[in-house]
Amino acid sequence: MATTYKALFIEEVDGKFTRAIVDRNTDQLPVGEVLIKVAYSALNQKDAMSAHGNKGVTRTFPHQPGIDAAGTVVESSVADFKSGDEVIVTGYDLGMNTAGGLGEYIRVPAKWIVNAPMHDIKTMHAVRYRRAHRAIVHQQTGTQRLHKEQGAVLVTGATGGVGSIAIALLAHAGYTWWQVPASGTSDYLKNLGAKEVIDRKTLSEENKRPMLKELYAAAIDVAGGNTLANAIKSVKYSGSVASCGLVENPSFPGTVFPHILRNVNLLGVDSVEIHLQIKKRPGTK
Ligand SMILES: NC(=O)c1ccc[n+]([C@@H]2O[C@H](COP(=O)([O-])OP(=O)(O)OC[C@H]3O[C@@H](n4cnc5c(N)ncnc54)[C@H](OP(=O)(O)O)[C@@H]3O)[C@@H](O)[C@H]2O)c1
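Residues numbered from 1 in each chain as written. Predicted model: local features only at pLDDT ≥ 70, side-chain atom pairs only at ≥ 80, totals over all residues. Heavy atoms only, no water.

S.K.: Explain the sheet that holds strand β5 (residues 86-90) to me, please; I cannot follow it from the model alone.
M.R.: What holds strands together in a sheet is hydrogen bonding between their backbones, with the strands either parallel or antiparallel. Strands sit in the order β6-β3-β4-β5-β7 across an open sheet of 5 strands; the sheet is antiparallel. Single-partner strands in this sheet number two, and they are β6 (105-108) and β7 (113-115). The sheet shows a mean angle of 45° between the axes of neighbouring strands, direction not considered. In terms of strand pairing, strand β3 (residues 34-40) meets β6 through 4 bridges, oriented antiparallel. When the bridges of β6 are listed, Lys37 appears paired with Tyr105. (Pairing = 2+ DSSP bridges. Helix = DSSP H or I, 4+ residues; strand = E, 2+ residues; numbered from the N terminus. Axes fitted to C-alpha atoms, helices over the stretch in contact; angles between N-to-C directions.)

S.K.: Explain the pairing of strand β13 (residues 265-268) here, please?
M.R.: If a strand is regular, its side chains alternate between the two faces of the sheet. Residues Asn265 and Leu267 point to one face of β13 and are all buried, whereas Leu266 and Gly268, pointing to the other face, are not buried. Pairing geometry for strand β12 (residues 235-243) and β13, over 4 bridges, is parallel. Opposite Ser240, over in β13, you have Asn265 as the bridge partner. (Buried < 20%, exposed > 50% of the residue type's maximum accessible area, 1.4 Å probe, protein only.)

S.K.: Looking at this model, I keep getting lost on the packing of aromatic side chains. Mind explaining?
M.R.: Two aromatic rings, taken as a pair, are described by how far apart their centres are and by the angle between their planes. In this structure the tally under the stated criterion is 3 aromatic pairs. Both rings, one in Phe17 and one in Phe61, keep their centres 4.9 Å apart while their planes meet at 65°; by these two values the pair is edge-to-face. With Phe17 in strand β2 (residues 16-25) and Phe61 in the loop between α1 (45-51) and β4 (68-76), the pair connects residues that are 44 residues apart, well separated along the chain. For the pair formed by Phe17 and Phe61, the shared burial category is buried. (Phe/Tyr/Trp six-rings, centres within 6.5 Å; stacked < 30°, edge-to-face > 60°.)

S.K.: Mind showing me how you'd approach the pattern of salt bridges here?
M.R.: A side chain with one charge may pair with a side chain of the opposite charge, provided their charged atoms come close. The tally for this structure, following the rule as stated, stands at 5 salt bridges. Taking the shortest distance from any N to any O, the salt bridge between Lys82 and Asp85 comes out at 3.0 Å. Its relative accessible area of 53% is what places Lys82 among the exposed residues. For Arg262, the salt bridge is made with Glu214, and the minimal N-O distance between the two is 3.7 Å. Placement of the pair is Arg262 in the loop between α7 (257-261) and β13 and Glu214 in the loop between α5 (201-204) and β11 (216-221), with a sequence separation of 48 residues. Residue Arg262 is classed as buried on the basis of its relative accessible area of 12%. (Salt bridge = Lys/Arg side-chain N within 4 Å of Asp/Glu carboxyl O.)

S.K.: How do you make sense of the environment of Met49 when you look at a structure like this?
M.R.: By the element assignment, Met49 lies in helix α1. Apart from the residues lying within four places of it in its own chain, the contact partners of Met49 are Asn54 and Val57. (Contact = heavy atoms within 4.5 Å.)

S.K.: Please explain the confidence of the model for the chain as it appears in this structure.
M.R.: The predicted coordinates ought not to be read in detail in places where the model reports low pLDDT. Averaged over all residues, the pLDDT of the chain equals 88, while 88% of them reach at least 70. Put simply, strand β9 (residues 179-182) is where the chain has its lowest mean pLDDT, 64, and β6 is where it has its highest, 98. (pLDDT = per-residue confidence, 0-100.)

S.K.: I tried to follow the nonpolar core on my own but got confused; where do I start?
M.R.: Here is a general trend for soluble globular proteins: nonpolar side chains tend to be buried in one another's company. Within the largest apolar cluster, 21 residues are counted, with the highest numbers of intra-cluster contacts made by Val34, Ile36, Phe81, Val89, Ile106, Val108 and Ile113. Looking at this core, the elements that each hand over two or more residues are β3, β4, β5, β6 and β7. Apart from the residues lying within four places of it in its own chain, the contact partners of Ile36 are Gly71, Thr72, Val73, Val74, Val87, Val89, Glu104, Tyr105, Ile106, Val108 and Ile113. With 20 residues, the next largest nonpolar core counts Ala132, Ala158, Tyr175 and Ile220 among its residues. (Core = buried A, V, L, I, M, F, W, Y, C linked by side-chain atoms within 4.5 Å.)

S.K.: How should I be thinking about helix α3 (residues 161-172) in this particular structure?
M.R.: Along an α-helix, residues three or four positions apart point the same way, because every turn accommodates 3.6 residues. Helix length check: α3, at 12 residues, gives a terminal C-alpha distance of 17 Å against a target of 16 Å (1.5 Å per residue), a fit within 8%. Among the 12 residues of α3, 9 are classified as buried, and the element is accordingly described as predominantly covered. Along α3, the positions that sit buried rather than exposed are Gly161, Val162, Gly163, Ser164, Ile165, Ala166, Ile167, Leu169 and Leu170. Looking one or two residues beyond α3, the residue adopting positive phi is Gly174, at roughly 95°. (Expected span 1.5 Å × (residues − 1).)

S.K.: I tried to follow a nonpolar patch on the surface on my own but got confused; where do I start?
M.R.: Taken together, the side chains of Val256, Phe257, Ile260 and Leu261 define a hydrophobic patch exposed on the protein surface, amounting to about 380 Å² of accessible area. Within the fold, Val256 resides in the loop between β12 and α7. (Patch = residues over 30% accessible without salt bridge, like charges linked within 9 Å, V, L, I, M, F, W, Y side chains within 5 Å. Areas by Shrake-Rupley, 256 points an atom, 1.4 Å probe, with all protein chains shown as cover.)

S.K.: Teacher, can you tell me more about the environment of Trp112 here?
M.R.: As for its position among the elements, Trp112 is in the loop between β6 and β7. Judged by relative accessible area, Trp112 falls into the buried class, the value being 11%. When the C-alpha positions of Trp112 and Val34 are compared, they lie 9.8 Å apart, and in sequence the two are 78 residues distant. Leave out the neighbours within four places in its chain, and Trp112 touches Ile88, Val89, Thr90, Tyr92, Asp93, Leu94, Thr98 and Leu276.

S.K.: Explain the environment of Lys46 here, please?
M.R.: Tracing the backbone shows Lys46 in helix α1. Along the backbone, Lys46 and Thr58 are 12 residues apart, and their C-alpha atoms lie at a distance of 9.3 Å. With residues up to four places along the chain from it excluded, the contact list for Lys46 reads Val57, Ile67, Met96 and Val272.

S.K.: I tried to follow the side chain of Asn226 on my own but got confused; where do I start?
M.R.: Mapped onto the elements, Asn226 comes out in helix α6 (residues 225-234). One polar contact links the side chain of Asn226 to the main-chain carbonyl oxygen of Ser204, over a distance of 3.1 Å. If we skip the residues at most four places from it in the chain, Asn226 touches Leu203, Ser204, Glu205, Glu206, Glu248 and Pro253. (Polar contact = N/O pair within 3.5 Å; in protein donor to acceptor, adjacent residues only side chain to side chain.)

This is the structure:
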């Protein structure tokens, strides 16, 4: 039975984009296998781009944005999911050209859905948890594993969604010492488990030297630009840097020296198209 629901809706009129909360109907959602009542959706950079008419994110309007969602299955035509299951959907085409999580309902293919690990994390945190988890998994599965004794892990953009969950996960995993550059709010970061908070300017200024003092065992970077370049130059021998964002700049200056002289690994993180099996944690369906 069709249900009326509220959604953020972006419309294009004469090349201009309007944003409003409107009434929509589940009949208007795309054909798909699983109808989900959305409980939470994080606000992402791509949502803002879609809401402002960026055609690189959303080709056609009107559109319901929201590139991730956590909620409860309402209807399912596949055996893997049944009404009442708690699930999360992140990435693939959700919120790009498929109605997304900034509406109270979404309908998506089953192959986009992961059962939410409700036993150890609340639904509202699950969405960002997945991304930070990916970054940390990359740290751990680089050519060299990260050992706690090796020292601090640098987390950039630490007050943001990815960075703050990364800090909490690192704390949970028992890493005892790391530094996080942030623009302030050090109490918030220390409550999450950060041991030291440094000013973001420390890393965002261009430094022409090919390598810097070895400070960090590893780094998780959401900034790109000079920050990523300086992180790569400051990671210790055989350390890894996981690159997952571009809040400072999509380009970054650098040389091959940290990689060929210090064995430093630069690891890519994509949480959008990566295979569902990898998004799933052991023990989830
Ligand atoms: N690869 C993937 O699959 C993936 C997944 C999710 C997100 N991302 C990307 O990761 C990035 C962060 O996402 P998010 O959800 O964590 O964003 P967010 O919640 O908006 O957080 C952004 C963080 O970056 C900080 N920041 C802003 N400008 C900065 C700059 N010039 N230099 C250093 N730090 C800066 C912000 O600090 P203030 O608030 O103090 O300014 C905040 O701590 C985005 O680029 C996003 O597109 C990638």
